[in-house]
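A look at the structure
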Amino acid sequence: MKVTTTRFGAVEVPDNDVLSFPSGVLGFPEVRRYVMLDHNEQTPLKWLQAVDRPELAFPLVAATDLLGDYHITVSPDDLASLGMEATQEIQAFVILTIPNGAPERSTANLKAPILMNPRTHLARQILAAEDYPIRYSLSEAPAAVVQCAG
């Protein structure tokens, strides 16, 4: 499948790599199909790129790349929506905000992670019950993550 993006041009992606968000992403409930693209091989940064909206892409990192002990409670309904019965295989990502011209002020939203089932490619953004910040400063994150925002 060819995905047109404003950041990367046209990108060829295997059809089975398309992530399905039955409820969309917060603020974009109508956008249901995304692909995850690597920023480059030197950083953990990825892009959650909308398949049908070339201009819509969210920078992401794996939640545990920021906080090695990042743990959230996943409800049975959220597990079911991902086609899962247990949390062992869930992949959790957090969306970054990288201010234009001020990457040193980048933050990660630890409160609303993106959860993905790597087998079914079903994904969902949830609001974590745990007391995580919406704006976690990347200045507190490991060096590899800070460099990807800069």
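Notes on the structure in this doc start here.

Calculation rules
Residues numbered from 1 in each chain as written. Predicted model: local features only at pLDDT ≥ 70, side-chain atom pairs only at ≥ 80, totals over all residues. Heavy atoms only, no water. 1 Å grid on protein atoms, 1.4 Å probe; cavity = no way out; pocket = protein on both sides within 12 Å on 5 of 7 lines; lining within 4 Å. Points joined across faces, edges and corners; volume = space filled by probe spheres on them. Helix = DSSP H or I, 4+ residues; strand = E, 2+ residues; numbered from the N terminus. Polar contact = N/O pair within 3.5 Å; in protein donor to acceptor, adjacent residues only side chain to side chain. Buried < 20%, exposed > 50% of the residue type's maximum accessible area, 1.4 Å probe, protein only. Pairing = 2+ DSSP bridges. Core = buried A, V, L, I, M, F, W, Y, C linked by side-chain atoms within 4.5 Å. Contact = heavy atoms within 4.5 Å. Phe/Tyr/Trp six-rings, centres within 6.5 Å; stacked < 30°, edge-to-face > 60°.

What to know about the layout of surface pockets
Quantified by volume, the largest pocket comes out at close to 230 Å³. Taken together, Ala62, Ala63, Thr64, Tyr70, His71, Ile72, Val74, Thr87, Ile90, Gln91, Ala92 and Leu115 form the lining of the largest pocket.

Details of the side chain of Thr5
On the secondary structure map, Thr5 appears in strand 1 (residues 2–5). Looking at Thr5, its side chain comes within polar contact range of the main-chain nitrogen of Phe8, at 2.7 Å.

As for the pairing of strand 1
Side chains Val3 and Thr5 project from strand 1 onto a buried face, and the interleaved Lys2 and Thr4 project onto a face without burial. In this sheet, strand 2 (residues 9–12) lies alongside strand 1 in antiparallel orientation, the contact comprising four bridges. Paired with Lys2 across the two strands is Glu12, which belongs to strand 2. Hairpin connection from strand 1 to strand 2: three residues lie between these consecutive antiparallel strands.

Considerations on the pairing of strand 4 (residues 33–38)
With two bridges joining them, strand 3 (residues 19–20) and strand 4 adopt antiparallel strand pairing. Looking at the pairing, Ser20 lines up with Arg33 of strand 4. Of the pairings in the sheet, the one linking strand 4 to strand 5 (residues 46–50) comprises five bridges and is antiparallel in character. Counterpart to Asp38 in the pairing with strand 5 is Lys46.

Considerations on the nonpolar core
One finds Leu66, Tyr70, Ile72, Val94 and Leu110 to be the most contacted residues of the largest nonpolar core, which totals 31 residues. Contributing elements (two or more residues each) for this core: strand 4, strand 6 (57–62), helix 1 (63–66) and strand 7 (91–97). Once residues within four sequence positions are removed from consideration, Leu110 is found in contact with Leu66, Leu67, Tyr70, Val94, Ala128, Tyr132, Pro133, Ile134 and Tyr136. Counting 16 residues, the second largest nonpolar core, distinct from the first, contains Phe21, Leu48, Ala50 and Ile114.

What to know about the environment of Val11
With respect to the helices and strands, the residue Val11 is situated in strand 2. Dropping the residues within four chain positions of it, Val11 is found in contact with Met1, Lys2, Val3, Thr5 and Leu37.

Quick notes on unusual backbone geometry
At His121, a residue that is not glycine, the phi angle is positive and equals roughly 65°. With respect to the helices and strands, the residue His121 is situated in the loop between strand 9 (114–116) and strand 10 (123–125).

Points about the packing of aromatic side chains
Applying the stated criterion across every chain, the model contains five aromatic pairs. Note on Phe8 and Trp47: the rings are 6.1 Å apart at their centroids and 70° apart in plane angle, and the pair reads as edge-to-face. Residue Phe8 is located in the loop between strand 1 and strand 2, and its partner Trp47 is located in strand 5; the two are separated by 39 residues in the primary sequence. Take Phe8: its relative accessible area is 31%, and that puts it in the partly exposed class. Both rings, one in Phe28 and one in Phe58, keep their centres 5.7 Å apart while their planes meet at 65°; by these two values the pair is edge-to-face. In this pair, Phe28 is assigned in the loop between strand 3 and strand 4 and Phe58 in strand 6, connecting sequence segments 30 residues apart. Of the residues examined, Phe28 reaches a relative accessible area of 23% and is grouped as partly exposed. Judged by its relative accessible area of 12%, Phe58 is buried. A connected cluster of aromatic rings, assembled from ring pairs, spans Phe21, Phe28, Tyr34 and Phe58.

Some points on the environment of Ala129
One can find Ala129 in the loop between strand 10 and strand 11 (136–137). On the basis of relative accessibility, which here comes to 69%, the residue Ala129 falls in the exposed class. In this structure the C-alpha to C-alpha distance between Ala129 and Pro29, which are 100 residues apart in sequence, comes to 21 Å.

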